[in-house]
Amino acid sequence: MAENRFRVLPGFGLTMGFTLCYLSVLVLVPVGGLFLRTFSLSWADFWRLATTDRALAAYQLTFGASLAAAVINAVFGTLLAWVLVRYDFPGRRFIDALVDFPFALPTAVAGLTLANLFAENGWLGQFLVPLGIKGAFTPLGVVIALTFVGMPFVVRTLQPVLENLDRDVEEAAATLGAGRLRTFLSVIAPTLLPPVMTGFALAFARAIGEYGSIVFISGNLPMKTEIAPYLIVIRLEEYDYTGAMALAVVLLVISFALLAVINVLEQWANRFAK
Amino acid sequence: MSIELRNITKQFGGVSAVNDVSFTVADGQLVALLGPSGCGKTTVLRMISGLEAPTAGDIFVRGKRVNDVPVQKRNIGFVFQGYALFRSMSVVDNIAFGLKIKRWPKAERAARVAELIELLDLNNLEQRLPHQLSGGQRQRVALARALAPKPDVLLLDEPFAAVDAKIRQELREMLVSLHHELNVTTIFVTHDQEEAMEVSNRIVIFDKGRLAQIGTPREVYEEPASEFVARFVGVMNVLDCEVRDGVARFGELEFQAHGTADGQRLRIGFRPYAVQVSNDLTAHRHRAVLRHTYFLGVLLRLELELPSGLIIRARMSKEEYARLNLAEGREVSLQIRQYRVLSREGESLPPEVSVTHSLSLSPGEGI
Amino acid sequence: MAAIPKRQLTAGQRKSQRGTEESPFVKWLLITVALLFSLVFLLLPLVNVFAQAFAKGFTVYWDALKHPNTLSAMKLTLLVTAICVPLNVLFGLAAAWAITKFEFRGKSLLVTLIDLPFSVSPVVAGLMFVVLFGLQGYFGEWLADREIRIIFAVPGIVLATLFVTFPFVARELIPIMQAAGSDQEQSALTLGANGWQTFWYVTLPSVKMGLLYGTILCIARCVGEFGAVSVVSGHITGKTDTVPLHVEKLYNEYQGAAAFAVASILALGALLTLGLKTWLEWREAKLEGLGQQAEAEVRP
Amino acid sequence: MQLPPHLNKLLLLAALTLFTAGAATAKDIKLLNVSYDPTRELYQDFNVAFAKHWQTKTGDKVTVQQSHGGSGKQARSVIDGLEADVVTLALAYDIDAIAEKGRLLPKDWQSRLPHNSAPYTSTIVFLVRKGNPKGIKDWSDLVKRGVGIIPANPKTSGAARWTYLAAWGYALKQNNGDEARAREFVAKFYQNVPVFDTGARGATTTFIQRGIGDVLVGWENEAFLALKEQPKGGYELVVPSVSILAEPPVTFVDKVVKRRGTTDVAKGYLDYLYSDEGQEIAARNYYRPRSAAVAAKFADKFPKLQLFTIDEVFGGWQQATKAHFADGGHFDQIQRR
């Protein structure tokens, strides 16, 4: 594995060995086991199990809601990061510290409290439901939960970039006559795009895997508010092991692909860094 | 009068970065704002550009008060220390940016960009992104971008600080020739006195937010208004002397001090080139031992130790050093041909230009 | 420039600041939108947890917390955390060292593998271990014959939690160690330090902030993991219920207030975590500030 | 390079904890009863009584641990190795699955105990909001437009399957056994469902705590419990004219009890369910007792209604599952529309 090269620092064998052992026990063997199980299926069977109407509806919700949540996070996360870095206002430090809250809060608790907030008799639901905005037990609820769990990604990816952003460049645009909006669009935005994309992709990937918070808020209505991971659980409860595993393999493959995309994005983002 | 600053003060959170500064820059001049870092020179430049607003005082451009004119409307070209190129835009797009903002027609825009590419020798780099350029190239793009919309004033903030010594020299020459060619009023900030001397036709020196002196390079070097200016512009030997019997003394060195009372303290300075050294021990009044010789190229710097242990610095050409057959450890004789009284005890010497002439040289020993 | 107290600006100054700052209207509009967003998605969910927890009074709250099932869930969660966090820290350090200090083929694949748990559904993670160790799985029969219980017992919960949490420390350390390069380590070697000393005295102190941050995130996730643990736990009351599972159970037992009471402990933990993190960052920023100050003083 | 000794120890400790924590160490008997959601309260009471009974009878101290969840999910856990000595689930079908897929007990398990191994029964009733604003009296009112029904998901929940079959059985009876009309009725029924929960308990939570829907359709015992837990909550029980006799079965898991040596206590546990004490505890927890004597004692507690069994109408669980709940069965077809 290692290139035949003179290594100055010691410890390659030990650390690499430990890393690989650990990864083998935790990732390679289990993932391999899962794939091996599905290999006992014929391709046609696998395809049938992985693409039932219900599964398709679940994928659609999982990816659609994840996409929607990631977009919301990209927009509002950028806004929040901008406001936190650029402006001084009462409560700024508090909000800044609180941005990590979705990382720290167990997702089950998040789902519980969000469902409670947006339910008909909840703090927000009592105002929103009469307006026809039903946050709990609808696809919107899934989007809300996913927005919550993915929120820190865009903000935290963007914040350091914004902090290190050269004010010079903005001032240069101003000296050349550009107004604020123009400066933002043609000078700042292009620099922010790669980190926003990275944050977006991370939030998206996280949303696809999310489970704990959604089961509390979505209502789990088949074909309507049932996400793919939940369908896996249901398949298990229906003793449909192969069906569950087919779905799991589909999600795994997509996760891999997404991570690959994120890696490419990160490299692209680094290209612009000086 | 192209630009005038009247009693400009700038405070950051109660601390004065610039304190009651007034000066004028005539049309077409190339002026350097010189001072150590943190002296307020960059803040002054930014206030002229409109990137910073003065806390008090007025700025006039062509006689018109521009305090309330936003940076976008001042028609200035600003070159930033770190280039501040737009990272996502090519060289051409960077240069054309200001023209686009000012809605130049496409054809004129292209022509102007081509002109600047030519002028700043950026051929074949048109489509590169900033991170694909060398430091010097980036600086030239920044210059081109600032010059493209034909600004009334070109402002440069430490324009050559971030490039290596050789490129810096080239860029300095380029700036001078550009200025000759375009004759645009140019103000640049630097902390490098050599650079200020070489490039500008007037130098404004700052010390801790206050104006220390304004003058031509020759003026500030030869007639420094204060000990600060004297020390900042070039090397100077400074001695803290006490007057006795009309003579200021420091160790065995003595200086004429007419019109001063006994017991008064004077600070007296002389430049290394004012120290005359001879290998003939009887040629001059003082004896000293050559302790160190530093080769700086054509010129050499010598450190001479007087019998009292006082060390003074002198300067001479390589040829003269060879002619005098000097070597470290050799005993020499020396005299100080020129010196200045930098300050007197009990007299505060305001740094305004007007006080320059009040510093008189001892008769017969003028510069 | 932000340090100028805003009220000191005259009208004229404000006008000319327009060049590099947003107009007050735009600025406050943006702040308002951002605050509203964080109100709905950060503050309200947090406050709601506590409001619901105390909805039925302090007695219900306290009874829910001191119930033996709650206590045993807490004990289990702490045990799992105590096992997982040190292992993951060890892994994070080893992986970051191997990845950042050496060049080898397949590095980006390795990094992707380390990222995997971030996007794999925890349910899938749990399922993988069931496939391996469940009675119908590859090793199920063999393990059952030897009375070794993994699934529906602590080892299974530990494994599932490990899977979900192992990237946190590594992911924090890799970029930091990458940015730092190997110069420090190499100079330590030239000064005669051996590998272990180099790691202990040079590498570890320079990555300690990232290590702490990663550890904090790892702890938070260990305590809060739901999906993966739910699949492998077996939900035996008082035995294999972790705190989040216990919250779900209480919620399903019509004990909304009790569920939120236990949830409030988790939320409190989350807040403590955030407080600790903020404090560490603040301390670091202060040290950095000292450095910059010193640098400014050194300059001529 | 050597790891420092303290690190070595730590690793060893972690490894040890990892692989020994699961091993049984207790001397006194521990029994695991894997049950479905609504029986939490029943078995909480029953376990205490049984422990007392067993100690007086044999001197052994028994601690019964409980695991609750959706019936299907619980069966799945047992199949995957959750070491249940006793399973007390909502459906015979789920225990069949344990026998079939897990091969943990014989297929004829149901004949091992009296009354089809169902020591208590229940039925499917309605719970409506205070004042019965939608005027619901019988099954036929549920398919009206604008009525929100909260049953659980028949794919995963035992109660939901009983509910489905009860609705179907009612429709058959109304339409003189016309399958097509029955299917039409049940289809309409499920069109009125806004939320599907996986378990009976989840459905109750949705109805009561989340305030969704107009009618909770589910276990009689669950409805009673909800009324008891929410005294001022404002709910009313509605008993339909006809419903199904739900028989939640119990049994011991042969392979597990054999390995763990708990056969006697597991059998004793189940037998005790059939005893008068057990029957009374069941009745107190709103399960209809099998014992005539106990039933008479609690007669006023359970509303009277016409009950049919699954065997009468559907020909048993296997048949019903195949026709209705298997992939592509009636339920799927109804859902797909």
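Residues numbered from 1 in each chain as written. Chains lettered and ligands numbered in written order. Predicted model: local features only at pLDDT ≥ 70, side-chain atom pairs only at ≥ 80, totals over all residues. Heavy atoms only, no water.

1. Observations regarding the overall build of chain A
Step number 1: When its secondary structure is counted, chain A shows 13 helices and zero strands.
Step number 2: Listing every helix and strand of chain A by position from the N terminus yields α-α-α-α-α-α-α-α-α-α-α-α-α.
Step number 3: Principal axes of the C-alpha set define a box for chain A whose edges measure 70 × 70 × 30 Å.
Step number 4: Within the structure as shown, chain A displays about 10100 Å² of accessible surface, and the carbon and sulfur contribution to it stands at 68%.
Step number 5: Considering chain A, the positive charge centre built from 18 side chains and the negative charge centre built from 18 side chains are found 3 Å apart. (Helix = DSSP H or I, 4+ residues; strand = E, 2+ residues; numbered from the N terminus. Areas by Shrake-Rupley, 256 points an atom, 1.4 Å probe, with all protein chains shown as cover. Lys, Arg positive; Asp, Glu negative; His and termini not counted. Charge placed at Lys NZ, Arg CZ, Asp CG, Glu CD.)

2. Here's the deal with the overall build of chain B
Step number 1: When helices and strands are counted, chain B shows nine helices and 20 strands.
Step number 2: By principal-axis analysis of the C-alpha atoms, chain B measures approximately 75 × 45 × 35 Å.
Step number 3: Residues counted as buried form 52% of the 367 residues belonging to chain B.
Step number 4: Here the analysis covers contacts within chain B between residues at least 6 apart in sequence; of these, 64% occur between residues at least 24 apart.
Step number 5: Taken as a whole, chain B presents about 16000 Å² of accessible surface, with 47% of it coming from carbon and sulfur.
Step number 6: On chain B, the mean spot of the 46 positive side-chain charges and the mean spot of the 45 negative ones are 6 Å from each other. (Buried < 20%, exposed > 50% of the residue type's maximum accessible area, 1.4 Å probe, protein only. Contact = heavy atoms within 4.5 Å.)

3. Here we look at the interface of chain B and chain A
Step number 1: In this assembly, 25 residues from chain B lie in contact with 21 residues from chain A.
Step number 2: The largest per-residue losses of area from chain B upon contact with chain A belong to B:Gln72, B:Arg87 and B:Ile101, which jointly make up 29% of the total buried on that side.
Step number 3: Applying the counting rule to chain B against chain A returns one salt bridge.
Step number 4: Of the charged contacts, one joins B:Arg46 and A:Glu171 as a salt bridge, the two residues approaching to 2.5 Å between their closest N and O atoms.
Step number 5: At the junction of chain B with chain A, the criterion picks out three residue pairs in polar contact (both at pLDDT 80 or more).
Step number 6: Elements represented by at least two residues in the side of chain B that touches chain A include exactly strand E6 (76–79), helix H2 (91–101) and helix H4 (135–147) of chain B.
Step number 7: Sort the elements by how many residues they give to the side of chain B that touches chain A and H2(B) lands first, with four residues.
Step number 8: Looking at the side of chain B that touches chain A residue by residue, the classes come out as 14 nonpolar, five polar and six charged. (Buried area = accessible area lost by both parts, 1.4 Å probe. Salt bridge = Lys/Arg side-chain N within 4 Å of Asp/Glu carboxyl O. Polar contact = N/O pair within 3.5 Å; in protein donor to acceptor, adjacent residues only side chain to side chain. Nonpolar A, V, L, I, M, F, W, Y, C, P; charged D, E, K, R; others polar.)

4. Comments concerning the interface of chain C and chain A
Step number 1: Taken together, the contacts link 94 residues of chain C with 91 residues of chain A.
Step number 2: Broken down residue by residue, the surface that chain C buries against chain A is led by C:Phe37, C:Phe41 and C:Leu42, which jointly contribute 8%.
Step number 3: For the pair chain C and chain A, the number of links is two salt bridges.
Step number 4: With a shortest N-O distance of 2.6 Å, C:Glu22 and A:Arg180 are connected by a salt bridge.
Step number 5: The interface formed by chain C and chain A holds 15 residue pairs in polar contact (both at pLDDT 80 or more) in total.
Step number 6: Among the elements that make up the side of chain C that touches chain A, the one with the highest residue count is helix H2 (residues 24–53) of chain C (21 residues).
Step number 7: Here the residues of the side of chain C that touches chain A sort into 62 nonpolar, 19 polar and 13 charged.

5. Quick notes on the sheet that holds strand E3 (residues 86–88) of chain D
Where strands meet in a sheet, backbone hydrogen bonds hold them as pairs that are either parallel or antiparallel.
All names here are of chain D.
Step number 1: Reading across the sheet, the four strands line up as E2-E1-E3-E9 and stay open at both edges, with mixed pairing between neighbours. One side of each edge strand has no neighbouring strand; the edge strands of this open sheet are strand E2 (62–67) and strand E9 (250–252). Direction aside, neighbouring strands of the sheet carry axes that sit 20° apart on average.
Step number 2: With three bridges joining them, strand E1 (residues 29–35) and E3 adopt parallel strand pairing. Across the sheet, residue Val-34 finds its bridge partner in E3, namely Val-87. (Pairing = 2+ DSSP bridges. Axes fitted to C-alpha atoms, helices over the stretch in contact; angles between N-to-C directions.)

6. Let's talk about the domain arrangement of chain B
All names here are of chain B.
Step number 1: For chain B, the domain assignment lists domain 1 (3–230) and domain 2 (235–360).
Step number 2: On a C-alpha basis, the centres of domain 1 and domain 2 stand 37 Å from each other.
Step number 3: For the pair domain 1 and domain 2, the summed buried area comes to about 1200 Å², and 51% of that belongs to carbon and sulfur atoms.
Step number 4: The partner of Arg-267 in a salt bridge is Glu-227, with the nearest N and O atoms 2.4 Å apart.
Step number 5: Of all the elements in the fold, those that place two or more residues in the side of domain 1 that touches domain 2 are strand E10 (210–215), helix H7 (217–222) and helix H8 (227–232).
Step number 6: Ranked by residues supplied to the side of domain 1 that touches domain 2, first place goes to E10 with four residues.
Step number 7: Grouping the amino acids of the side of domain 1 that touches domain 2 by side-chain chemistry returns eight nonpolar, one polar and three charged. (Domains from an automatic or database assignment.)

7. A short note on the pattern of salt bridges
A side chain of one charge can pair with a side chain of the opposite charge if their charged atoms are brought near each other.
Step number 1: Taken as a whole, this structure holds 53 salt bridges over all chains when the rule is applied.
Step number 2: Note that A:Asp100 is salt-bridged to A:Arg156, the shortest N-O span being 3.1 Å. Placement of A:Asp100 in the loop between helix H4 (92–98) and helix H5 (101–104) and of A:Arg156 in helix H8 (residues 139–164) is noted, with a sequence separation of 56 residues between them.
Step number 3: Since its relative accessible area comes to 1%, A:Asp100 is described here as buried.
Step number 4: Residues joined in a network through salt bridges with shared partners are A:Arg86, A:Arg167, A:Glu170, A:Arg180 and C:Glu22.

8. Here's the deal with the nonpolar core
Step number 1: Core analysis: the largest hydrophobic core is formed by 307 residues, its most contacted members being A:Leu34 and D:Trp139.
Step number 2: B:Val91, B:Ala96, B:Ala146 and B:Phe160 belong to the second largest nonpolar core, which has 44 residues in total. (Core = buried A, V, L, I, M, F, W, Y, C linked by side-chain atoms within 4.5 Å.)

9. Thoughts on the confidence of the model for chain A
Step number 1: For chain A, the average pLDDT comes to 85, and 94% of its residues sit at 70 or higher.
Step number 2: For the stretch residues 1–5 of chain A, pLDDT sits under 50, and the model shows 12 contacts to residues farther than four places along the chain or on other chains. (pLDDT = per-residue confidence, 0-100.)

10. Some remarks on the pairing of strand E4 (residues 56–61) of chain B
Residues and elements named next belong to chain B.
Step number 1: Pairing analysis gives five bridges linking strand E1 (residues 3–12) to E4, with the strands arranged antiparallel. Residue Glu-4 lies in a different strand from E4, and its bridge partner there is Phe-60.
Step number 2: In terms of strand pairing, E4 meets strand E5 (residues 64–65) through two bridges, oriented antiparallel. Residue pairing across strands places Phe-60 opposite Arg-65, the latter belonging to E5.

11. Notes on the sheet that holds E10(B)
All names here are of chain B.
Step number 1: Pairing in this open sheet of six strands is mixed, and the strands run E6-E7-E8-E3-E9-E10 from one edge to the other. Looking at which strands have only one partner, the edges of the open sheet turn out to be E6 and E10. The sheet shows a mean angle of 15° between the axes of neighbouring strands, taken without regard to direction.
Step number 2: Bridge analysis of E6 against strand E7 (residues 153–157) gives four bridges, and the strand direction is parallel.

12. Quick look at H4(B)
Step number 1: Across its 13 residues, H4(B) extends 18 Å between first and last C-alpha, which sits within 8% of the 18 Å expected from 1.5 Å per residue.
Step number 2: Counting buried residues in H4(B) gives 11 out of 13 residues, a clear majority hidden from the surface.
Step number 3: Among all positions of H4(B), only B:Gly136, B:Gln137, B:Gln139, B:Arg140, B:Val141, B:Ala142, B:Leu143, B:Ala144, B:Arg145, B:Ala146 and B:Leu147 are buried.
Step number 4: Buried residues belonging to H4(B) abut helix H9 (167–175) of chain A together with E6, H2, helix H3 (106–119), E7 and helix H5 (165–182) of chain B. (Expected span 1.5 Å × (residues − 1).)

13. Details of the environment of D:Ser241
Residues and elements named next belong to chain D.
Step number 1: With respect to the secondary-structure elements, Ser-241 resides in the loop between strand E7 (235–238) and strand E8 (242–246).
Step number 2: Given the relative accessible area of 37%, Ser-241 is considered partly exposed.
Step number 3: In this structure the C-alpha to C-alpha distance between Ser-241 and Asp-138, which are 103 residues apart in sequence, comes to 6.3 Å.
Step number 4: Looking at Ser-241, its side chain comes within polar contact range of the side chain of Asp-138, at 2.5 Å.

14. What to know about the environment of B:Arg291
Residue and element names in this part refer to chain B.
Step number 1: Within the secondary structure layout, Arg-291 lies in strand E16 (residues 286–295).
Step number 2: Along the backbone, Arg-291 and Arg-330 are 39 residues apart, and their C-alpha atoms lie at a distance of 8.0 Å.
Step number 3: Residues contacting Arg-291, with those up to four places away along its chain left out, are Glu-303, Glu-305 and Glu-328.
Step number 4: In this structure the side chain of Arg-291 is engaged in a polar contact, spanning 2.6 Å, whose partner is the side chain of Glu-305.

15. Some details on the side chain of D:Thr39
Residue and element names in this part refer to chain D.
Step number 1: Considering the arrangement of structural elements, one finds Thr-39 in the loop between E1 and helix H2 (40–58).
Step number 2: Within the local environment of Thr-39, its side chain forms a polar contact with the side chain of His-68, the two groups lying 3.4 Å apart.
Step number 3: The residues contacting Thr-39, other than those within four sequence positions of it, are Gln-66, His-68, Tyr-120 and Tyr-287.

16. Remarks on the packing of aromatic side chains
Step number 1: Scanning the entire structure with this criterion turns up 63 aromatic pairs over all chains.
Step number 2: When the ring of B:Phe23 is compared with that of B:Phe206, the centres are 6.4 Å apart and the planes differ by 75°; the resulting orientation is edge-to-face. Within this pair, whereas B:Phe23 is found in strand E2 (residues 15–25), its partner B:Phe206 is found in strand E9 (residues 202–207), the two being separated by 183 residues in sequence.
Step number 3: Judged by relative accessible area, which is 4%, B:Phe23 ranks as buried.
Step number 4: Ring centres of C:Phe91 and C:Phe166 lie 5.3 Å apart, and the angle between their planes is 85°; on these two criteria the pair is classed as edge-to-face. One end of the pair, C:Phe91, is in helix H4 (residues 68–101); the other, C:Phe166, is in the loop between helix H8 (154–165) and helix H9 (167–180), and 75 residues separate them in sequence.
Step number 5: On the basis of relative accessible area, C:Phe166 is assigned to the buried category, the value being 0%. (Phe/Tyr/Trp six-rings, centres within 6.5 Å; stacked < 30°, edge-to-face > 60°.)

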